[in-house]
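Fold and contact review
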Amino acid sequence: MHVARESSILTIVTALLALSLAVPAGAATNALTQVDPMIGTGGNGHTFPGATVPFGMIQLSPDTAMPDFKHAYPWAAGYQYGDHSILGFSETHFSGSGHSDLGDVLLMPGVGKLQWDPGDPDQPGSGYRSDFSHQSEVAEPGYYAVTLATSGVRAELTAGRRVGWHRYTFPKGEDAHVLLDLRPSIYDYPGKVSWARLRVRADGTVTGYRETRGWAPGRQLWFAIRFSQPMTRHQLVNRETDVPYKGFQGPAANPTGNDAVAGRALEGAFEFGKLSKPLLVKVAISTVSAANAIANLDADGKGWDFDARRADARHAWAKALSAIDVDAPPDVEKSFYTAMYHALIAPNLAMDANGEYRGPDHGVHKAHGFTFYSSWSLWDVYRAQQPLMAFLQPPQRVNDFVKSLIVAQQESPFGILPVWAYQGLETWCMIGYHAVPVIANFYMQGFRGFDAGAALEAMVASATYAPYGDLGDYMKLGYVPSDKEPESVSKTLEYAFDDWTIARMAQAMDRKDVAAKFFQRAGNWRNVFNPATGFAQPRLANGKFEEPFSPARAGTGSGFTEGNAWQYSWYEPQDVGGLIHELGGDAGLVKKLDDVFDAKIDPKAFAGIEDVTGLIGWYAHGNEPSHHIAYLYDYAGRPWKTQQRLAQIMRTQYAPTPTGLAGNDDLGQMSAWYIFTALGFYPVAPASNQYVIGRPFVRRAVMHLPNGKTFTVTTDGLAADHPYVGSVTLDGTPLTRDYLTYAEIMHGGTLHFTMQAGPNKAWATRPQDQPYSMTAYPAR
């Protein structure tokens, strides 16, 4: 934080008093100051630095660029730390996604002559875009501020659940205006905006609508804007000069003083003359209607006290971050609390104040007795981010997550659970039916605030919808054939894990028929695992493995999703014992894992594949299929190798800097991996209720569990020259196995590690002739 804005003493005192009464003092002071929203805003992290609240509908943040989708990957969150100019401030962003959309309702304050086009980033003053310096930025949980160097405007942002708040302080003596541009969009392309409307109502409220043909085709978003001071003049402009709309060039077309305009390239300019005090702007959005956007503004945007709303956001974050108190080395502590912050941004509220929301059928629905959430990057978050919620969030929110998934399946035209959804709509991005392990994991952990029968029905329907992802062939052959699907191996492996979680939940519900069917399907991973090569391998519909085969091959037609056989062949978390058997025993798995990490590879091996980053040999920490791999040494009786690899990953893949995330945060998954790993355990197989022990990176962590109990992790000898676990105790009793159970954590107690310089090869090992299967699916 470089610059602080003066606030009234009364507001500060009130905010601090509220924090002190609501959350533990340590959490309120330490966690908030340790969070750095700038972490991940550079490089491939794709996080945004702006203002939001936990799981809120609004993500109000600066946008430095919204280029054509062919060049948009670095700007998936609208902001890149290396840029030196700001396009404007929009209300919606994803946190850490690989692909992207949003950037809705872009506002930009300015002075003097109106500029209708963004201008050239390298030519200050050529448009409404403004230069800025990082020295003028402030980024905190729930608050962002920057000075726009070109205009001299100080812009401050904060957010509530459904409302974004702007405060603009204009230079004295200058004529102030705010520009609204409905043309640009994150992952833009000519013609992406299919239609828009803009209206200034009699009371000065600005309302509008935009429909885009982006990641979720036909996405509609309404908004309502109010200003704290009356306009002296407004202009509504349709910049459309051709059909289809081809860009931002050319003079303003059809400027009008009318109170409404429609088209595909709309802008609005709102003028205020010379102001003697800051201008406040509040913005609400809705996926349903302008009336609902206004109602959201009325319900959640009362008054004009920006500092009070900033204090509310700060309070919301202090409460959320107080779930874990951490004492660790400075870099770890900052990265840990920032990871918690990022892990608590999504899924997002996607329901209006009256309970209405847009469903995957594009219809309007109403939530009865629950809050509807969307923004589900399920290929990523089922692994660790959603399992983390059981420890950080109250049961009501967890149950509402599950209810949101169930109703989305019921409202889907295809009758399947979300795959990658946002604002209620489906994108069909990525593979698998990974809402299934999210639901199964929560059910196995004892959450019962949802209809388990409807949930299981939705899970089975998603796993048996033949047209999706070649499930027809998968059900017929026991694998996805490579001559039918280019990502065949990845799909087979991930389907098999999802099937296992269905079986686990069905078994717990005494649905023996469903359990038997899906336990059998859980073994389908073997149908693409070739013992002759020791790798998962593309297999043709005639039963033959594809030849020639190279485990290094990646990309289109390789059989793998954002990876290759070196990364995917070890994805059998439901049956690691079976994998060990196929590799000839523990030593076979250990050798393969060593080969993964120690390989010397061509840096161009993944050229053109955006998401394969954070490479250590073939291990790619910047992408999710690798996230469990370091923990597999435990299964082979070599926990000290897990400890060694985790130290290497934490040292090279995370840092408390803008480029401190090796890959996309993917709506909190990269961050959740960090949190679990820093605590000393990780959910390799969600729905198993088991957490594989690695090694801690904190001196002390107190988890304030939703059931009112505390689980404490303590460490003796934490130091760079003590990377190995010497011993572990649970409530003072030696722990000789390499996993914890969910029940043990939720019971409360103390997990104590003693670290040492060399590996303890006697801890958590077993006789080499003893078959090992940590999870419930039996070894072959």
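Above this note sits the structure.
Everything in this summary refers to the structure shown in the same document.

Definitions and limits used
Residues numbered from 1 in each chain as written. Predicted model: local features only at pLDDT ≥ 70, side-chain atom pairs only at ≥ 80, totals over all residues. Heavy atoms only, no water. Helix = DSSP H or I, 4+ residues; strand = E, 2+ residues; numbered from the N terminus. Rg over C-alpha atoms; globule rule 2.2 N^0.38 Å. Areas by Shrake-Rupley, 256 points an atom, 1.4 Å probe, with all protein chains shown as cover. Lys, Arg positive; Asp, Glu negative; His and termini not counted. Charge placed at Lys NZ, Arg CZ, Asp CG, Glu CD. Axes fitted to C-alpha atoms, helices over the stretch in contact; angles between N-to-C directions. Parallel < 35°, antiparallel > 145°, perpendicular 65-115°, else oblique. Left-handed = near helix turned anticlockwise from the far one by under 90°. Contact = heavy atoms within 4.5 Å. Nonpolar A, V, L, I, M, F, W, Y, C, P; charged D, E, K, R; others polar. Core = buried A, V, L, I, M, F, W, Y, C linked by side-chain atoms within 4.5 Å. Buried < 20%, exposed > 50% of the residue type's maximum accessible area, 1.4 Å probe, protein only. Polar contact = N/O pair within 3.5 Å; in protein donor to acceptor, adjacent residues only side chain to side chain. Pairing = 2+ DSSP bridges. Salt bridge = Lys/Arg side-chain N within 4 Å of Asp/Glu carboxyl O. 1 Å grid on protein atoms, 1.4 Å probe; cavity = no way out; pocket = protein on both sides within 12 Å on 5 of 7 lines; lining within 4 Å. Points joined across faces, edges and corners; volume = space filled by probe spheres on them.

Helices and strands together make up the secondary structure of the protein, namely 20 helices and 38 strands. Rg of the C-alpha trace for the protein: 26 Å, near the compact-globule value of 28 Å for 780 residues, within the 12% margin. Its C-alpha atoms give the protein principal-axis dimensions of about 85 × 55 × 50 Å. By element, 53% of the accessible surface of the protein is carried by carbon and sulfur atoms, the whole surface being about 26,000 Å². Across the protein, the centroid of the 65 positively charged side chains sits 2 Å from that of the 77 negatively charged ones.

A separate point is the packing of helix α10 (residues 452–463) against helix α12 (residues 488–508). Packing of α10 against α12 brings their axes to within 11 Å, and their N-to-C directions diverge by 155 degrees. The angle between α10 and α12 places the two elements in the roughly antiparallel class. The handedness of the crossing between α10 and α12 is left-handed. Counted together, Ala452, Ala455, Leu456, Met459, Val460 and Ala463 of α10 and Asp499, Ile502, Met505 and Ala506 of α12 form the full contact between these two elements. By residue class, the composition of the contact of α10 with α12 is nine nonpolar, no polar and one charged.

Here we take up the nonpolar core. Of all hydrophobic cores here, the largest spans 239 residues; its most connected members are Phe89, Ile324 and Phe681. If one sorts the elements of this core by residue count, α12 sits on top with ten residues. Among residues more than four places away in sequence, those in contact with Phe681 are Phe676, Tyr691, Val692, Ile693, Gly694, Met703, Phe711, Val713, Leu740, Ile745 and Leu751. Listed in part, the twelve residues of the second largest apolar core include Trp165, Leu280, Ile294 and Phe306.

Quick look at the environment of Gln653 now. Position of Gln653 relative to the elements: it lies in helix α18 (residues 639–653). Sequence separation of Gln653 and Asp611 is 42 residues, and the distance between their C-alpha atoms is 14 Å. Residue contacts for Gln653: discarding those within four places in its chain leaves Gly614, Ile616, His621, Gly660, Leu661 and Ala662.

This next bit is on the side chain of Asn623. If you trace the backbone, Asn623 turns up in the loop between β30 (619–620) and α17 (632–635). Asn623 sits in the buried class, given a relative accessible area of 3%. Here the side chain of Asn623 touches Glu562 through a polar contact of 3.1 Å, landing on its backbone oxygen. Aside from chain neighbours lying at most four places away, what touches Asn623 is Trp379, Glu562, Asp611, Val612 and Thr613.

Taken together, the three strands give an open sheet; going across it, the order is β24-β25-β26, and neighbouring strands pair in antiparallel fashion. With partners counted over all chains shown, the strands left at the sheet margins are β24 (376–377) and β26 (425–426), one partner each. The pairing of β24 with strand β25 (residues 420–422) spans two bridges and is classified as antiparallel. Following the sheet pairing, Ser377 is matched in β25 by Trp420.

This brings us to the pattern of salt bridges. Enumeration according to the criterion identifies 31 salt bridges in this entry. Of the charged contacts in the structure, one is a salt bridge between Arg511 and Asp513, with a shortest N-O distance of 3.7 Å. Judged by relative accessible area, Arg511 falls into the partly exposed class, the value being 37%. Measuring nitrogen to oxygen at the nearest pair gives 3.4 Å for the salt bridge that ties Asp594 to Lys641. With Asp594 in helix α16 (residues 586–598) and Lys641 in helix α18, this pair connects stretches of sequence that are 47 residues apart. For the residue pair Asp594 and Lys641, the accessibility class agrees, reading buried in each case. Salt bridges sharing partners connect three or more residues here, namely Asp101, Asp104, Lys192, Arg210 and Arg219.

A few words on helix α19 (residues 669–679). Burial analysis of α19 places eleven of its eleven residues in the buried class, which makes it a mostly covered element. Among the residues of α19, those classed as buried are Gln669, Met670, Ser671, Ala672, Trp673, Tyr674, Ile675, Phe676, Thr677, Ala678 and Leu679. Within two residues after α19, Gly680 carries a phi angle of roughly 110 degrees, on the positive side.

Applying the stated criterion across every chain, the model contains six cavities of 30 Å³ or more. Of the voids in this model, the largest cavity is the one considered here, and its volume is about 150 Å³. If you go around the largest cavity, you meet 19 residues; those closest to its centre are Met57, Asn348, Leu349, Ala350 and Gln423. Those elements giving two or more residues to the lining of the largest cavity turn out to be β18 (279–286) and β20 (348–349). When its residues are assigned to classes, the lining of the largest cavity shows nine nonpolar, nine polar and one charged.

Burial within strand β14 (residues 217–227) is extensive, with nine of its eleven residues counted as buried. Bridge analysis of strand β13 (residues 206–213) against β14 gives eight bridges, and the strand direction is antiparallel. Of the residues in β14, the one forming a bridge with Tyr209 is Trp222. Counted between consecutive antiparallel strands, the loop separating β13 from β14 contains three residues. As defined by bridge partners, β14 adjoins β18 across six bridges and the pair is classed as antiparallel. From the neighbouring strand, Ile225 faces β18, where its bridge partner is Val283.

Another point: the sheet that holds strand β38 (residues 749–756). For sheets, the rule is that strands pair by backbone hydrogen bonds, running either parallel or antiparallel. Pairing is mixed across the open sheet formed by six strands, whose spatial order is β19-β33-β34-β38-β35-β36. The open sheet has two edge strands, β19 (324–327) and β36 (733–734), and neither has a second partner. Of the strand pairs in this sheet, strand β34 (residues 710–716) and β38 are connected by six bridges, and their pairing is parallel. What sits directly across from Asp716, in β38, is Thr754.

Cis geometry marks the peptide bond from Ala346 to Pro347; its omega dihedral reads 0 degrees. Tracing the sequence through the fold places Pro347 in the loop between α5 (330–343) and β20. The step from Glu547 to Pro548 runs through a cis peptide bond, and the omega angle for that step is -5 degrees. By secondary structure assignment, the location of Pro548 is in the loop between β28 (535–536) and α14 (565–568). Phi at Asp470 is positive, roughly 60 degrees, even though this residue is not glycine. Positive phi, close to 85 degrees, is recorded for Ala687, a residue that is not glycine. With respect to the secondary-structure elements, Ala687 resides in the loop between β31 (681–682) and β32 (690–693).

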